[in-house]
Each structure stands twice: as structure tokens, then as C-alpha cells.
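Observations on the three-dimensional arrangement
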Amino acid sequence: MKFTHVFLGLLVTASPSFAADNFDWLRDDSRQDQRVLSYLKQQNQKTEKFQNGYDSLTQSLLTQWDSMAAEKGKTPWIIKDGEEWNLVRREERYVLVSRSDSNAEEKIVYDFSPRQSKHQYYQIGQWRIHDNSLLFTEDIDGSEQYRAVFVELGKGATKELVNNVDNGALLSSNGKFGYFVAKEARTQRPYQILRIDIQTLEKRVIWQEDKTDWLMSFYPAADSHYALVQSNNESTTEQKLLELDSGVLTSSLRKPETGIEYYADVARGKVFINSNLDGKFGLFELKLSEAIKHGKSIKWTSFTSSENNVEQFYLYDAGLVALTRQDNQTTISVYSYDGKAKKSLPLESEGRVAWLSTLGDYRSNKIRIRSMSMTTPPLWEEFDVKTLKKSDFSQDAYRDFSSQDYVSQRITVKANGVEVPVSLAYRKDKLNENAPVVLYGYGAYGFTMKPYFMPQTVSLLDQGVIYAIAHVRGGGYFGNDWHEQGRGILKVNSINDFTAAAQALKHFKHGERDVYALGSSAGGTLVAGAINQEPDLFAGAVLKVPFVDVVASMSDTSLPLTAQQYGEWGNPTLPEQLKAMQAYDPILNIRKDAYPPMLVQVGLNDQRVPYWEGAKYLATISSTSESTGPYLLQTDFNSGHRMDPRQAREQQAKEYAFLLSLIKTSKAEQ
């Protein structure tokens, strides 16, 4: 149930007394400075010229991905109010479709293509539907400044309600009000909950958060009359109930208390809450009537004492479903509403990762489970909360692919007193003592990168590559403690773990292997930091929208999302923490050495990690390295932190081909 915003280095300021200052001119908040734009275009031309040299590799990857196209099993749709709904991409266009059940003929509810065709970048945020009314948010330039749009489906009438909001949207059941999270115009911090009268367009702020290190968000409750509105910082939550038809907001379910997090939902006249109030996350409840009484102290009671380490919970007509995690194993438990356990079962099966996806609404009693490994195609399962039975729903099949030809496993790497898990895969008949490694890096916000099955990864395995994911501290592989050990002043632990994983994989199965690194966003911090530690350990790297100017980003306290992120990256206003940050900051630790070839991809409209971080970083590498690279910068002028799906596939092929071109060059030199 946890809903938080993850923002990385929204804006940066100059880093004092360092060579990177020579490239401060690359920062342009307006994104209109012709000198900067000319530089970025020249770098794109240089990169494109280099990419032309391995275009055949790029095309062969795309061809292989096409030839390996899945024979898709049935994809479960969202169940809402007894109907099934799905937002799909067909021939590069978004279409909202519905049907009465899985055997019925589908109908097109709304075709987004007329709006999508007007923009080179287009993403749908959230969409809500009630009767003949559709409400959705859209991002048209990659800046994550969404616009809210209301459509009367029967009449085809369209209204643009508000700009510069977050991606979230709520629609009252009477169709009168839309709700959005407004962003501060200058800083883009989500700070207001707006109620907009759809007919009159009258705006009303129903909650504003003035604390600059807190962010606002919301989500619908199981009871469709309500939503949960929240403000939170790194470790503390405050939530209120929103009655959607009236716009009335209750008092706080619990006043903010440092370190106390809670996430609520509503059903059957009660409010159910997952909170770490007693040290570990567990379930509580209270009467809805008590929650809506303003100004009254609300006492929570334990829902069940048998569950702790609760990650999430969901409310259905047939019972409450809780997900708990212990020793990296997740369990699904079903309870009746009087707190009695009805059934428990493991979420994951042997060798596969699994997660809940495409949940049905309260009335549906349906949960869909998605599972896979890096070498096992995705499987859909359905769990019925009423019958307590789990069944196979569908599985994807890939032509000319057999899982028996591959190995997928988890190893552990000893590093600095801990054992770091590494997921890896390879093709059996391609493994030899010189087979190269592509090591993927992530590690922030307690997130865990799942070892997904993807044709893109398989194509690397087919080229003789060992593909690996390092589950470093700072991520969430072993829960909150694993996250805590790699955040703030301990962020260097994440980088050390990644370096240790690369060292171990270099000699995996007694081989002598080249190691290539791949990281995105916070993973870029990880990869760039590890390269600073041991440049000669890595034979090449791809960094996508990398967060690499940490101290500068976190030093500008006039900007948002800095104080809110101190817990993750460190607080530069405190001398001890500043010292720790300076020790790991990628751009501050570039030194004279032979840095490996790099491809750095940035988005001009990126509001999370602005383009100039990657541009300054690579310019500094180019001017400092004792090697010739290549050091390639690629700027997408029509996107932000994410690329438009219409271009993302080809871009991924170019990135993989860059690494493969280095691998083939390396083999030719041997």
C-alpha cells in the first residue's frame, strides 16, 4: 500500500573547486540556450557516427527480438464493477478497451491516438472511468508535468481540466469531481490536493503540504466512496480519508510521528491499517465512524497478532489478503474480517520471482500473480480469495526457445562482512572461460530489481554473455535492514558491493572475464562510483539518465526533494555527512586514470535527473581519462526520465549493441 515519490537530483548547483566546474555552462534550466543545444546536438552526431559502425549489430538484435516474438497467453484485464478493462498499445497507439468477461467481445472505449499523434513523446498516467465519463492524465514531453483530461464518452466532448499535476487522478462516483495532486510551479514538488468541479472547472485546494521535504499523493480505497490522501517524507506518514462525492477530508488517522509509517484502506465500515507502530509492520483496524469524527483521538486495535513484516495488504469482499516477507520469501495470507486465518501459501515457486499484478476490485475477489525467471517465460496465475484456490491463467511461449538450454541461478559474493546476492543467467553451450559479463546495477529506495524474462536479455545470452544483477545494499532484497545498510552516509556500501560483485564475476567459474556495467538513474550512481574505485575492472559501461552529481544536487536547499532525500543520499549541511557524500559522489571522484568506454543517455526534459548531470559527467571523463574511450553522449530531445515507448526498443538495441561491439573488439584483440 506504500505510495511514495522517488525523485533523483531534481536540480543541481555548482560543485566548488573541482574540474567539473569547467562544464557548469552545460546547465540550462530553460533548455533553450542555443550554445548548450548546439553542444548536445554535436555530441549526438558524434555518437550517431560511432553507432553507424555497428549498425549491423543493432539491426541483428532487433531482428532476433522480432523472431523471438512471444505467443502471448491471455493477459488478465483489470476487473472493475463487474466488467473487464485494459489499456493496450496497438501499432504504437494507446487504446482503452472493455468487455463483460474474458469470453466476450471487446469494444473500444477510447482511442488516444489522435492526441498521441500530436506529440513525439506521449505517456498516459492514470485513468479512471465511471458510467460514460473518462478521466485521465497525460505527459506530452517527458517532463512528468501531467495534464488532466475529462471525456464524455457518449458525446465525445473533451475538457482539459488542469496542467502541471502529478500522474494521479481520482473521479467521484457521482461524476462531479476530479482530484489531482498539484505541483509547485518552480520546484515541481507535489504539494496540493486539488478538487476540480468538472462542469464549472472551479478549483479548490483541500490539503496543502507546506513542509518542503514532504510530498503528497493519494490512492483509491477498496470502498469506492473513499480515497486515502497522504503526505510523507522519507520515514514518516500522515494520511486522511477523502469522501469522493463531497470532497470532505477527515482529520489525520494519526498525527505525524517521526519514523512511524502507516498505509490504510477502507471496507465494511472499517479502516484497516498497515503500520510499523510496534516496530515491525503489522495490521490494525478502527471503525470508519471513528475515523470521520474530526478532532477526536483515534485508537487503533490490532487486527491480528499473528502477522508481522507485512509488506502490503488488499481488501476483498471475501477477506483481507496480506503479503508478508521473511528471509527473502513472500507469503500470501488470507484472513476473514474477524481476524481469523483462512489460508497461507508461498508467492514464489522454486527458481522464479513472482509479484501481484492486475488486481481485481473489492467485489471481484480476484488476484493475478505474475512469475518468471531470466530463462523461464512469464506465467500468469489467478488466486480466488473466495474459494482460496490458485490456478494457472496463461503462460507465454517463445518460438525456438527452450529453457533447458540456459542456466539461471543466484550466487552470493562476500563483500565487507556481508554476502551480496547476485542473480545471473547464461547459455550452457556458450559458456567458456572468457565469456564476458554484463552486470546490471541498481540499489536505492529499498527497491528490488526482479530478474525478468526478456528477449533482450536472452539475445545477450545467445551472444555468449553472462547477464547478472547485483542486489546490493541500499536495495530491498533482504527487506528494510538491507536498504538501511546502503543509504545516507552508508551509500558507499552499495558501491562497494557492486565493485565486489564485478570482481567475483570476473573470475566466475575460474574464468578470466571482461566485465561490462549497465545502470540507470540511481543505478548510474552505483556504476559510476564503482568505475571510480577500479576503472580497469570494467571493460565498458552504459549509463542511462544517471544521478552522478550528488553533492551538488543535494546542496541546493532552495529546491525541493533535496531535504526529502537526505535519508537516501546524505545531508550535505552536516559536515560528517558531507564528507561521506564527497567520498562516493561520482563526479567529485573522477581522477586521472584509464576510464573504460562509456555511452551515457540523457533526456532533455528530465525533471528527476536533469540532462546536464550526465553531460557534465561525461565531459569530465573525456577531459580527464588517460584512455581514448569512446565516450559517447546521447540526448533525447523529446523525452524526460523515460523514453517514449515508440523509441525505447530501438534505443535499448543501440545500448546493447554498444556493449557487444566492445566485446567483439576485445575478442578480436585477443
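Further up the page is the structure itself.
Predicted, not measured: the structure shown is a model, and the values here were computed from it.

The rules behind the values
- Residues numbered from 1 in each chain as written.
- Predicted model: local features only at pLDDT ≥ 70, side-chain atom pairs only at ≥ 80, totals over all residues.
- Heavy atoms only, no water.
- Helix = DSSP H or I, 4+ residues; strand = E, 2+ residues; numbered from the N terminus.
- Rg over C-alpha atoms; globule rule 2.2 N^0.38 Å.
- Buried < 20%, exposed > 50% of the residue type's maximum accessible area, 1.4 Å probe, protein only.
- Core = buried A, V, L, I, M, F, W, Y, C linked by side-chain atoms within 4.5 Å.
- Contact = heavy atoms within 4.5 Å.
- Polar contact = N/O pair within 3.5 Å; in protein donor to acceptor, adjacent residues only side chain to side chain.
- Axes fitted to C-alpha atoms, helices over the stretch in contact; angles between N-to-C directions.
- Parallel < 35°, antiparallel > 145°, perpendicular 65-115°, else oblique.
- Left-handed = near helix turned anticlockwise from the far one by under 90°.
- Nonpolar A, V, L, I, M, F, W, Y, C, P; charged D, E, K, R; others polar.
- Phe/Tyr/Trp six-rings, centres within 6.5 Å; stacked < 30°, edge-to-face > 60°.
- Lys NZ or Arg CZ within 6 Å of the ring centre and 35° of its normal.
- Arc of directions from axis to C-beta.

Looking only at helices and strands, the protein has 13 helices and 38 strands in total. Relative to a compact globule of 670 residues, whose C-alpha radius of gyration would be 26 Å, the protein shows 25 Å and is just as compact. Here the C-alpha coordinates of the protein stretch approximately 70 × 55 × 55 Å along the principal axes. For the protein, the proportion of its 670 residues judged to be buried stands at 60%.

By size, the foremost hydrophobic cluster in this structure holds 70 residues, and its most contacted members are Leu439, Phe498, Leu505, Phe538, Met598 and Tyr617. The dominant element in this core, judged by the number of residues it contributes, is helix α12 (residues 611-624), at 7 residues. When neighbours within four sequence positions are excluded, Phe498 is seen to be in contact with Leu439, Tyr440, Gly441, Ala470, Val472, Ala517, Leu526, Val527, Ala530 and Phe538. By size, the runner-up hydrophobic cluster in this structure holds 37 residues, among which are Trp355, Phe401, Tyr440 and Leu518.

This next bit is on the side chain of Asn274. By the element assignment, Asn274 lies in strand β19 (residues 270-275). Within polar-contact distance, the side chain of Asn274 engages the backbone oxygen of Val310 at 3.2 Å.

All right, on to the side chain of Glu285 then. For Glu285, the position within the fold is in strand β20 (residues 282-287). Assessed through its relative accessible area of 14%, Glu285 is described here as buried. Among the polar contacts listed, one links the side chain of Glu285 to the side chain of Lys270, at a separation of 3.4 Å.

Packing of helix α2 (residues 55-67) against helix α5 (residues 455-462) brings their axes to within 10 Å, and their N-to-C directions diverge by 120 degrees. Taken together, the axes of α2 and α5 are oblique relative to one another. Like other packed secondary-structure pairs, α2 and α5 cross with a definite hand, here right-handed. Packed against α2, whose contacting residues are Leu61, Gln64 and Trp65, the element α5 presents Pro455, Gln456, Val458, Ser459 and Asp462 at the interface. A class-by-class count of the residues in the contact of α2 with α5 yields 4 nonpolar, 3 polar and 1 charged.

On to the packing of aromatic side chains, then. Applying the stated criterion across every chain, the model contains 27 aromatic pairs. Ring geometry for Tyr262 versus Trp300: centroids 5.3 Å apart, planes at 70 degrees, classification edge-to-face. With a gap of 38 residues between them, Tyr262 in strand β18 (residues 262-267) and Trp300 in the loop between α4 (288-291) and β21 (301-302) connect regions that are remote in the sequence. Taken as a pair, Tyr262 and Trp300 share a single burial class, namely buried. Where Tyr398 meets Phe453, the ring centres are 4.9 Å apart and the plane angle is 55 degrees; that geometry is what we call tilted. Separated by 55 residues along the polypeptide, Tyr398 in strand β30 (residues 397-398) and Phe453 in the loop between β33 (437-441) and α5 bring together distant segments of the chain. For the pair Tyr398 and Phe453, a shared accessibility class is recorded, and that class is buried. One aromatic cluster in this structure is built from Phe272, Phe303, Tyr335 and Tyr337. The lysine or arginine in question, Lys74, covers the ring of Phe393, its NZ or CZ lying 4.9 Å from the ring centre.

Right, let's get into helix α11 (residues 575-584). When we look at burial in α11, the residues that qualify are Ala580, Met581 and Tyr584. Buried positions in α11, seen along its axis, are confined to an arc of 100 degrees and lie on one side of it. In α11, the exposed positions angled more than 90 degrees off the buried face are occupied by Pro575, Lys579 and Ala583. Elements that come into contact with the buried residues of α11 comprise α7 (491-506), α8 (522-533), α9 (550-555) and α10 (566-569).

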